[in-house]
Structures are given as C-alpha cells and as structure tokens.
Amino acid sequence: MLLNSQRSEQLAALAGQVSAADEATSELFSEVVVATARRLWAPGEAAKATQLHDLIEAGALTQAALNLIDLELPLWKLRRIAYDEGEWHCAMSRQRELPEWLDQAVEARHASLTLAILGAYIETIGQIELSRERSRPSVPQTSAEQYEPLYCENFA
C-alpha cells in the first residue's frame, strides 16, 4: 500500500511539472519516460527505444509523445485533440468508437500540444494503476490472539 501511495505521489508530482511547464523540453520528456515507461526496457523493444531516443534528441517531442503512447499504452488511443481558446485539449480512451457521452476518456489540457499529450498520458498511467489497486482483493488482518487451537477427534 505504501509503495502504491509513493507511486501515486510521484505521478502527481510529474503531472504538476508538466502542467507548470511553459514548453516541452528534452529534459522534461526524458524525466517522464524514465518515471513511467516500463515496456520500453523490455528485451524485444530495443528498436523502439532507439527510435524514441532519436526523436527526443532531434527535438521532435510531439512525435515522441505519440510513439510513447503507442509503446506503453497499446490498448489506449487518442480520442480527441482540439485547440480551443489558447489551449490544446487532449483525450485518451480505450473505446474510442463509443459515443463521447458513453466513453470514460482521460483528458488533459495545456497551451503546448506536446505537454497536453504528455499530461493525458500521465493521467492515463495513474488511472490504470489506481484501477489495478482497487481490483486487488484485500484480506483483513486479524491477530492470532483471537483464535485458540481446538483438538477434535473422530469417535465414530
């Protein structure tokens, strides 16, 4: 439970950094990748990791964010990217074919397109980890003092 709490705090701090930033930088993007990427370090993903690294080094951070979503969240897709009143609104969903009013999309917004995408990515990671935590069964802890051994013998 403590580990999940620390992970939630780490994701919240990372989301705060992304929302407070004025523009995307390679350093911030690398920090997000290191903190959230798990599939990237898998043995069969070396080519995708190299491609992501090259995009970050080249400064193509919006494309790198899209690649990161494809790699880390293969079941999630961008549902909507819209620019309205000086902000980019980004929504991610698992069932984008559903009407918007039926879907439970994860949304983020920012003045920078890249940071709006990264914000939605971080929020999605947080929502996935929260749902995993809720789906784990919890067994109440009882003290051993409540139970006493009982000797039973079959006299039949």
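Summary of the structure given here. (Residues numbered from 1 in each chain as written. Predicted model: local features only at pLDDT ≥ 70, side-chain atom pairs only at ≥ 80, totals over all residues. Heavy atoms only, no water.)

Their axes nearest at 8 Å, the elements helix H3 (residues 46–58) and helix H4 (residues 61–72) cross at an angle of 160°. With respect to each other, H3 and H4 are oriented roughly antiparallel. Crossing handedness for the pair H3 and H4: left-handed. Taken together, the residues of H4 that come into contact with H3 (itself represented by Lys48, Gln51, Leu52, Leu55 and Ile56) are Leu61, Gln63, Ala64, Asn67, Leu68 and Leu71. Of the residues assigned to the contact of H3 with H4, the class counts are seven nonpolar, three polar and one charged. (Axes fitted to C-alpha atoms, helices over the stretch in contact; angles between N-to-C directions. Helix = DSSP H or I, 4+ residues; strand = E, 2+ residues; numbered from the N terminus. Parallel < 35°, antiparallel > 145°, perpendicular 65-115°, else oblique. Left-handed = near helix turned anticlockwise from the far one by under 90°. Contact = heavy atoms within 4.5 Å. Nonpolar A, V, L, I, M, F, W, Y, C, P; charged D, E, K, R; others polar.)

A few words now on the nonpolar core. Soluble globular proteins tend to bury their nonpolar side chains together. In this structure, Phe29, Val33, Leu52, Leu68, Leu118, Tyr121 and Ile122 are the most contacted members of the largest nonpolar core, which totals 36 residues. Those elements that provide at least two residues to this core are helix H1 (2–20), helix H2 (26–36), H3, H4, strand S2 (87–93), strand S3 (106–110) and helix H5 (113–135). A per-element tally of this core places H5 first, with nine residues. (Core = buried A, V, L, I, M, F, W, Y, C linked by side-chain atoms within 4.5 Å. Buried < 20%, exposed > 50% of the residue type's maximum accessible area, 1.4 Å probe, protein only.)

Inspection of every chain in the model, using the stated rule, returns one aromatic pair. Relative to Trp88, the ring of Tyr83 has its centre 4.9 Å away and its plane inclined at 55°; by these criteria the two rings are tilted. (Phe/Tyr/Trp six-rings, centres within 6.5 Å; stacked < 30°, edge-to-face > 60°.)

Let's shift gears to the sheet that holds S3. Strands sit in the order S1-S2-S3 across an open sheet of three strands; the sheet is antiparallel. Each of the sheet's edge strands pairs with one partner strand only, and the pair in question is strand S1 (77–84) and S3. For this sheet the average axis-to-axis angle between neighbouring strands, irrespective of direction, equals 15°. Examined bridge by bridge, S1 and S2 share seven bridges and lie antiparallel to one another. Paired with Asp84 across the bridge in S2 is Glu87. (Pairing = 2+ DSSP bridges.)

A separate point is the pattern of salt bridges. Two side chains of opposite charge can pair, provided their charged atoms sit close to one another. In total, this model carries five salt bridges according to the counting rule given. Here Glu107 ties to Arg80 by a salt bridge, and the two come within 3.5 Å at their closest N and O atoms. Remark: Arg80 occurs in strand S1 and Glu107 occurs in strand S3; sequence separation between them is 27 residues. Residue class for Arg80 comes out partly exposed when judged on its relative accessible area of 24%. Where Arg109 meets Glu87, a salt bridge forms, and the shortest distance between an N and an O atom there is 3.6 Å. In this pair, Arg109 sits in strand S3 while Glu87 sits in strand S2, placing the two residues 22 residues apart along the sequence. Note on Arg109: relative accessible area 55%, which makes it exposed. (Salt bridge = Lys/Arg side-chain N within 4 Å of Asp/Glu carboxyl O.)

Turning next to the pairing of S3. Side-chain alternation along S3 places Val106, Ala108 and His110 on a buried face and Glu107 and Arg109 on a face that remains uncovered. Where S2 lies against S3, five bridges are found, and the strand directions are antiparallel. The residue bridging Met92 from the neighbouring strand is Val106, located in S3.

The first and last C-alpha atoms of H4 sit 16 Å apart over 12 residues, in line with the 16 Å expected at 1.5 Å per residue. All of the buried residues along H4 are Leu61, Ala64, Ala65, Asn67, Leu68, Ile69, Leu71 and Glu72. (Expected span 1.5 Å × (residues − 1).)

Nothing here speaks to function; it is geometry throughout.
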